[in-house]
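# Structural characterization, general
Here is what each chain is made of, one letter per residue.
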Amino acid sequence: MASPCIDVCRYDEATGWCLGCGMTRKDKKHWKKAKEQRPEIRAVLPGRLDALAASGQPTGKAAAKKAKRKD
């Protein structure tokens, strides 16, 4: 099973979910070491990404774009 990671790796402070794929840091460790948990992890990701998007967070590839700072 291919990893859902899209190499964005930016995390929502409130939930700990990655804005790119929806996994937590713990999920990412389990993905590498506990292959039997992969279907469980993958099953919750769409809901997490939907919840992040509903809260106004950019998700997926859009999360990779960092806002330019105005100094």
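Scroll up a little and you will see the structure.
The structure contained in this document is the topic of the report that follows.

Conventions and cut-offs
- Residues numbered from 1 in each chain as written.
- Predicted model: local features only at pLDDT ≥ 70, side-chain atom pairs only at ≥ 80, totals over all residues.
- Heavy atoms only, no water.
- Helix = DSSP H or I, 4+ residues; strand = E, 2+ residues; numbered from the N terminus.
- Buried < 20%, exposed > 50% of the residue type's maximum accessible area, 1.4 Å probe, protein only.
- Contact = heavy atoms within 4.5 Å.
- Areas by Shrake-Rupley, 256 points an atom, 1.4 Å probe, with all protein chains shown as cover.
- Lys, Arg positive; Asp, Glu negative; His and termini not counted.
- Charge placed at Lys NZ, Arg CZ, Asp CG, Glu CD.

Right, let's get into the overall build of the protein. From N to C terminus, the protein includes two helices and zero strands. Taken across its 71 residues, the protein has 31% of its residues classed as buried. Considering only intrachain contacts with a sequence separation of at least 6, the fraction spanning at least 24 residues in the protein is 49%. Of the roughly 5200 Å² of accessible surface on the protein, 52% is carried by carbon and sulfur atoms. Both charge centroids of the protein, one from 17 positive and one from 8 negative side chains, sit 6 Å from each other.

Here the focus is unusual backbone geometry. Positive phi values are uncommon outside glycine, yet Asp7 reaches one of about 60 degrees. Within the fold, Asp7 resides in the segment before α1 (25-33). Judged by its relative accessible area of 69%, Asp7 is exposed. Although it is not a glycine, Cys9 sits at a positive phi angle of roughly 50 degrees. Tracing the chain through its elements places Cys9 in the segment before α1.

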